[in-house]
Amino acid sequence: MDILEGIKEAITDAFGDDMDLEKVVPEAKLKEDLGFNSIGMLAMAVSLEEKFGFSFTNDDFIGITTVEDVIQIISKRLK
Amino acid sequence: MYGKEGYDINMFFYDIAHGIVLLGGHIPPPIKLTIDKKPFRNEIRDEGMLIVGNHVSYKDPWFYSAVFSNRRVFFIASELVMKDPVRNFLCRHAGCIKIDRTIADINAIKTATMTLKHKRVLSIFPEGTRRPGEHDDLSEIKAGVIFLASQTGVPIIPAYSLKPKHWYNRRTIVVGKPFRISDYTDRKFLTVSQMDEIAKALLEKINECKTVFDEVTGGK
């Protein structure tokens, strides 16, 4: 599965129709541009774990600000 | 510290505190009431559950443990509560799951999820802080408790209590009727707005408990 597509699906799981998926681009900032809060992050993380088959830890979330950061973490974990 | 079944370190301090609550002028345990007057313990015997109430004192978890005296009650606490070594030691041995409220603490959520999936009782105070002197209706709670319930499928039990006037007075705890996320939606993944909506419903249920509390105690 394409990682960005997987992230978009996870964001849809987390936010439903409240999220405009056209805004979900690598350079988008999770909080400022997409309106993420901590529950949104958790909901997206759980969905991503199921889609990609690994588990996040708190360390993964340190320094995450953009969609690109999420893509990098998933890419690293899938290697 | 966290085993396969969630939190399973030696809980000797929990047992001591639980014993003190039961023996320290609270025999039999504090008054137990349900809104629909059904015997509470017969409804949920052998599964995980989330007890969700207002937070007035550091002692709240022990009083909940007295209401549910047939089950060990684990609880979630901010890491700020556990910042000094003594409190950290005592909390760790009292069934406390530490959560960092400044981040999306996925480690704490996973530990809590494991704890519930292994049929344990977990208490959460979703206002996020203690409000010891306030007697207003709860106005806002955090949706993390709804996230946990949706991940585990366990029932949520709303509750309300206030500190008694004197330490030797009995403490009244009103326990509401259990409900489940599946009562509201069949979705596998709840959206953030759905969680917020169910959190509002939970808030109403806790405030219903407060109404019963006021009727029973005169608001004291």
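The structure reproduced in this document is the subject of the present report.

1. Remarks on the interface of chain A and chain B
- The partner chain B presents 15 residues to the 18 residues of chain A that form the contact.
- Considering each element in turn, the side of chain A that touches chain B owes the most residues, nine residues, to helix H2 (residues 38-52) of chain A.

2. Regarding the pairing of strand E5 (residues 73-78) of chain B
All names here are of chain B.
- Most of E5 sits out of view: five of its six residues are buried.
- Pairing between E5 and strand E7 (residues 121-124): three bridges, direction parallel. What sits directly across from Val73, in E7, is Val121.
- Where E5 meets strand E6 (residues 96-99), four bridges bridge the pair, whose relative direction is parallel. Of the residues in E6, the one forming a bridge with Ala77 is Lys98.
- Crossover E5 to E6 through helix H3 (residues 85-92) is right-handed.

3. A look at helix H2 (residues 60-67) of chain B
- With eight of its eight residues buried, H2 of chain B lies for the most part within the structure.
- Those residues of H2 of chain B not exposed but buried are Asp60, Pro61, Trp62, Phe63, Tyr64, Ser65, Ala66 and Val67 of chain B.

4. Concerning the packing of helix H1 (residues 3-15) of chain A against H2 of chain A
Residue and element names in this part refer to chain A.
- Where H1 meets H2, the axes come as close as 8 Å, and the angle between the chain directions of the two elements is 130°. Of the possible angle classes, the one that applies to H1 and H2 is oblique. The chirality of how H1 crosses H2 is right-handed. In this structure, H1 contributes Gly6, Ile7, Glu9, Ala10, Ile11, Asp13, Ala14 and Phe15 to the contact, and H2 contributes Gly40, Ala43, Met44, Ser47, Leu48, Lys51 and Phe52.
- In terms of residue class, the contact of H1 with H2 is made up of nine nonpolar, three polar and three charged.

5. Re the environment of Ile198 of chain B
Residue and element names in this part refer to chain B.
- Assignment of secondary structure puts Ile198 in helix H6 (residues 192-217).
- The sequence separation of Ile198 and Phe89 amounts to 109 residues, and the corresponding C-alpha distance is 35 Å.
- In contact with Ile198, other than residues within four places in its own chain, are Ile146, Ile181 and Tyr184.

Rules behind the numbers
Each chain has its residues counted from 1, running along the sequence as written. The lettering of chains begins at A and the numbering of ligands begins at 1, in the order of writing. Two thresholds apply to this predicted model, a pLDDT of at least 70 for residue-level local features and 80 or more for giving and counting side-chain atom pairs, whereas whole-chain, interface and lining totals are computed over all residues. By the criterion used throughout, residues are in contact when their C-beta atoms, derived from the backbone, lie within 7 Å. Runs of H or I in DSSP of at least four residues are treated as helices and runs of E of at least two as strands, each being numbered from the N terminus. Here the C-beta atoms are placed from the backbone, and a residue counts as buried if at least 20 other C-beta atoms lie within 10 Å of its own, exposed if 12 or fewer do, and partly exposed otherwise. Two strands qualify as a pair provided DSSP detects at least 2 bridges between them. Consider the strands pointing away from the viewer: the crossover is right-handed when the path from the first strand over the helix to the second runs clockwise. Each axis is a line fitted through C-alpha atoms, taken for helices only over the stretch in contact, and angles between the N-to-C directions span 0 to 180 degrees. Throughout this description, any angle smaller than 35 degrees is read as roughly parallel, any larger than 145 degrees as roughly antiparallel, any in the 65 to 115 degree range as roughly perpendicular, and the remainder as oblique. Here a crossing is taken to be left-handed if its near helix is turned anticlockwise relative to the far helix by less than a right angle, and right-handed if that turn runs clockwise. Residues are sorted three ways: Asp, Glu, Lys and Arg are charged, Ala, Val, Leu, Ile, Met, Phe, Trp, Tyr, Cys and Pro are nonpolar, and all the rest, Gly among them, are polar.

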